[in-house]
Every structure is written in structure tokens, then in C-alpha cells.
Amino acid sequence: MSIEEIKKDEEQATEVISKNFIEQIIEKDLAEGVYDTVHTRFPPEPNGYLHIGHAKSILLNYGLACKYNGKFNMRFDDTNPTKEKIEFVDAIQKDIEWLGADWEDRLFFASDYFQEMYEGAIKLIQKGKAYVCDLSPEEIREYRGTLTEPGKDSPYRNRSVEENMELFEAMKDGKFADGERVLRAKIDMSSPNINMRDPIIYRVAHMTHHNTGDAWCIYPMYDYAHPIEDAIEHITHSICTLEFEDHRPLYDWVVRELEYSHPPKQVEFAKLYLRNVVTGKRYIKKLVEEGVVDGWDDPRLVSIAALRRRGFTPDSIRKFVELCGVSKADSSVDYGMLEFAIREDLKLKDTRIMAVLDPIKLIIDNYPEGQVEYMDADNNVENAELGTRKIPFSKELYIERDDFMEVPPKKYFRLFPGNEVRLMNAYFVTCTDFVKDENGVITEVHCTYDPETKSGSGFNARKVKGTIHWVSAKEAVKVTARLYENIIDEEKGVYNEDGTMNINPNSLIVTEDCYVEPYIKDAKAYDSFQFVRQGFFCVDCKDTTKDHLVMNRVVSLKSSYKLPK
RNA sequence: AGGGCUAUCGCCAAGCGGUAAGGCACAGCACUUUGACUGCUGCAUUCGCAAGUUCGAAUCUUGCUAGCCCUGCCA
């Protein structure tokens, strides 16, 4: 079966999956003629790097647009220059492109709409729906009331339209310092929904904006700006996370008061949390600053950049997000689900080669000294399209240390004195002897081979229970393997009682003396391979001082051999 | 005079009044030139709890309970 056929199968399988609640909303809107098309967007604030949670939102929005033949916009929600930087604008675009969400020519900046937002504010003032407030930040908080008590009206609430116009102009013209005046929507100070208690819609900030420079010294607040951004772009379904549910009445108020026709509709879904990893920008930042990880793309993190460096593919992340589903229930997905997604994606794409991570020498006593044979091997036994390769075989090999045991437990099928196993793609060998050093550590294993059992020869006079992998000691390439575990300890949870994070000290293990088939020599950065019985690895970089390839373990294989007690 | 939202297996998640889909994880068996993969099998008499309506309720009603979000001039 070719990869295409397999993919087709998978697509047919996913069609059976029932529609999520957002799809149901969209189909209802389409059926009732509320909208005649679907237009979504992903609106990050450029104040940090994207992570797996954002991937869910990106893929959801983009996926919906594709599914309903609609459009998908990329938009930077850059309404607060105090937090935003141009470097994040670039990094975010790169990550979204890599994920495969295509905004075509629709890349927008909220800041490009500042003029229209400003005109909207004037419209509100003239309708008597907005006023300039002189209260200090502290006073505004006091007047707002609490969760259980209503707020009270600002003394400036009933200024005349003329006065408000003058004052708002003065704000715009830089006559006030930061924090001195704000523009507020006039809604209801006694609303049980705090967001409706005359929310601030414009604040003064004398600050250079990465896109508009010094053109403005007043900036719109999210609650006011976002519905306008959506309306200008003719977004139909403005999809965001659950914490904005309480803001929806305000969202609707803005598009209604500004009299947009066919206004967008906000739909909320639950964020994606992953167990045993650090999600959340501020905590990732803390790990980076404290040097626990070596940067925002450290492969133990779940930022998009980290996942990319670790060797995750865009397809695997899409698969994972699809697997998780979309709902309104708070949830925390098992890390195993992510691992499943990447294994599933890579297993037919990657060349499966032999690598020895913890080497011990295997010497074939009856094999001619100096002889090198080239054995044929399928690059991927399940996918013939990947072709075959030649592997050097000789008298001295490396095998995995745990593929030999002096005293084997029950059901151990690998090498032990007197036992015969298959060397994958080569011959049967029988263990004859082994050597220990003065500390009792086994240093080499000896065996004999049977020339008749060569791989591919059709030999079937006898069978062996075990097959082990190997590399030729002389021809093998030495690499550094970086093995990763969850950065947070399974049982203990992310945070300790004192607020510190509970870091797993074994989350990164670096092993330098690993040997891989010479096949790896031509590998380039981000190329990935399946190492037989060791999982999937991805080329991270080349350590030029040692001429080593550095390989990141993407994910380990499910290993089902457990030593009996 | 608080408001909004959520609750179906260890973890996700369908279900929309007709008698509990699916995936991950886990377990067992088979197969195997990767103890992988693959295949097969098993895994919720019960849907947060309690009443009610109904021939029939995870689905409707009422009342509880638990969790999450909201008192930034952040998004």
C-alpha cells in the first residue's frame, strides 16, 4: 500500500468523525442564511512565541475555513504597543506558515485600522454612548464595584457631546499624560457582568508603535478593537477561548452601536492543556530565564519552534489537534496522545535504520578478519517506496548493551551464552563467550556466525526467537543522541507547594558514544529517522568541534519487553 | 445583587427523548528479520448527585454539588 492510498484511507476514516459544536453552529448559520460564507481568522498579539495551544486555534480556524470553502485571515492584534515587538511578528508568521495555515494575501494588522476605530469612537460619542472620564486608575477600580456589589456612575458620565468631543480630540492630540484620561463606553455600571460597567475603550499611551510609529498616542482596548477588526475583515465566526465568554455582550454591543451590517459572531472553545509539560507563556519564559532549558526552542518545551526542532512534523501536530477534538469542557490531554500522533505520522515516512545507543562490542570469531560485506536492507519494510540500502557488515560490530545478558531472565529472547539470534539484515549468530573487566562490567561478547543463514537467502531450516540490531564498528558513524523525557515529573504535578516548578532532573540525557549506520552521513538538519527499537530521531545540528551529528529523540517506541520481577 | 460556563471510562470525545460511537492509555492473544508495526479480543448495565415528567431520560424540568473564568488604562 502506498502512502497515498494510506492517506486516502485515513481521510475516509476521519469523515466518519462527528461534527464538533463549532461546525454545528456554522452549518446552522449557513442553513438559516445568517451568513453565506465562512471567514475565520487567527489574531495573536505579537508579544511572545506560539505554542501547541495556539496550534489548536490556528488549525481550527484554518481548518474551518477550508472545510466550508471560506477564507482564513492572519491578523496581528497589536493594539498595545507596551507589550509588542516586531521580532515576535516575524517568529509568529514563520510558525504559522510551517504549520501549513495559508492566509494567502490576507495578512493584516489591527493597527492598520486605528483610523476607523478612532472614527468609531467619535460616532459613539456623538450617539451619547461614550464619554471621556477623568477618574484615576484607582478611582475607576473603586467605582467599578466588586463581583457582588454594583458599581456607581462616574461623575464625568454625563458630560455633553461637545465636551466629550473636545476632550477626546485633546487626548488624541497628546494633551494628556498616560493615565490621565480615558474614553469609556456608556453602558451600565450596575450590570452583573463587570465587562459591561462602562468599560474603557481608549487609553493614552505615549509610546512608539512597531507598525504605526508615533502617529497615535491613544490606543484602543481589546474589547473595543477586536469586534471592529473582525467586522472590517468581514469575519463571520470570531473563534476565541472560553475566558472571553463574559466579553461577548460587549463584543455584540460594539458591532451593534457601530451599526455594522452582517456583524461577526464570537464563538468560544476550551483551551488545550497538555499534562506533564509547561504550557503558558509566562512559565516557559521563566524556564528560559532561569536557564533550566536552553532557549524558547528547547526540545522539551511545547512551543511550535521547540516541537519543530524536536522533529515533530506539521502533519503530526494537525493529527494531534484533530485527535483532541473541540469542546467547551476544560480538559488536559495526555502527553501520550501527542506521542501517538508523531509515531503515527513518521512510521511510514521515515527510513528505519540501525543505531546503537549504548554500545558493547560483538566479535564474530569465525568471520574473516578484514572482510566487509554489504548487506541489503529495506529502508522501510512497510513502505517499499522508500527503497533499499546497503549496510556494511564485518567481524567487529557494536550491539546494544541490553541485548546481551550473562544470566537471562525468563522469556528473554536476545543474546546470552549458548543462544542464537538473528542479526537484523545479516546472519544468525550464536553467543560463545564474553569478557568482563576488573569491575565486572562486560566489555565484549563473542559469537560465531552461520554463513548459510544470510538474510534474504531463504534459509528456514531453523528459527530464532530474537532479532537484534547492530552496526559495523569500523564503518559506523559516531553521533550524539539527546534523549528527552517530560520536563515535569509524572506524579508530582507541575508546581510545588512553594510555587517553584517541579522539574524532572532526567528530562534531558545526552549520550555521545552512539553509533549509527553510515547511511546517516548525508543527513541534513531536521531529517528524521526511525532507529530500530530506539524510536524516532531528528538531526538537530552538527557539532563542528567533534564532527558529530547531534540527534534529538522525537519520541521513543512503545517498548513492550519488561523484565520479569 | 454577583454573573458566565462546564460536568459521559485513567485521558480526550460523540450523543440533541428510543435504550452508551470512536481515539489515546492499559491488558491479553496471534503474527513478526524491530519485544516495533499490524490483526483480533477485553475495557461505562451507566452519563456529577437527588427528585420529577414520560411507555421510555445521558438527553426534558426542578433542586443541589463540584470545577473553571470575570473586579488590567493586558489580550
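Everything here concerns the structure above.
Reading guide: rules and limits
Residues numbered from 1 in each chain as written. Chains lettered and ligands numbered in written order. Predicted model: local features only at pLDDT ≥ 70, side-chain atom pairs only at ≥ 80, totals over all residues. Heavy atoms only, no water. Pairing = 2+ DSSP bridges. Helix = DSSP H or I, 4+ residues; strand = E, 2+ residues; numbered from the N terminus. Contact = heavy atoms within 4.5 Å. Axes fitted to C-alpha atoms, helices over the stretch in contact; angles between N-to-C directions. Near = heavy atom within 4 Å. Polar contact = N/O pair within 3.5 Å; in protein donor to acceptor, adjacent residues only side chain to side chain. Nonpolar A, V, L, I, M, F, W, Y, C, P; charged D, E, K, R; others polar. Buried < 20%, exposed > 50% of the residue type's maximum accessible area, 1.4 Å probe, protein only.

Here we take up the sheet that holds strand β24 (residues 508-516). Spatially, the seven strands line up as an open sheet ordered β12-β25-β26-β27-β23-β24-β13, and their pairing is mixed. In this open sheet, the two edge strands, each paired with only one partner strand, are β12 (351-353) and β13 (355-356). Note: strand β23 (residues 477-484) against strand β27 (residues 548-555), four bridges, orientation parallel. Pairing of Val479 across the sheet is with Leu549, part of β27. Against the sheet, helix α13 (residues 335-346) engages β25 (528-531), β26 (535-543) and β27, with an angle of about 120° to β27.

What follows concerns the protein's contact with RNA strand B. Around RNA strand B there are 68 residues in total, and Cys324, Ser327, Arg352, Ser455 and Ser560 lie nearest to it. Expressed as a percentage, the sugar and phosphate content of the atoms of RNA strand B within 4 Å of the protein is 62%. Measuring from a sugar or linking oxygen of RNA strand B, one finds a side-chain N or O atom of Glu382 at 2.8 Å. Side-chain polar atom of Ser455 to a base oxygen of RNA strand B: 2.4 Å apart, as the coordinates give it. Put simply, the parts of the chain that give the surface near RNA strand B at least two residues each are α6 (137-144), β6 (200-204), α12 (314-324), β11 (332-333) and α13. Of the residues that constitute the surface near RNA strand B, the class distribution is 25 nonpolar, 20 polar and 23 charged.

Looking now at the environment of Arg414. Of note, Arg414 is situated in the loop between β17 (396-400) and β18 (420-423). Using a relative accessible area of 14% as the deciding quantity, one classes Arg414 as buried. Measuring from C-alpha to C-alpha, the distance between Arg414 and Phe404 comes to 6.4 Å, with 10 residues separating the pair along the chain. A distance of 3.4 Å separates a polar atom in the side chain of Arg414 from the backbone oxygen of Asp402.

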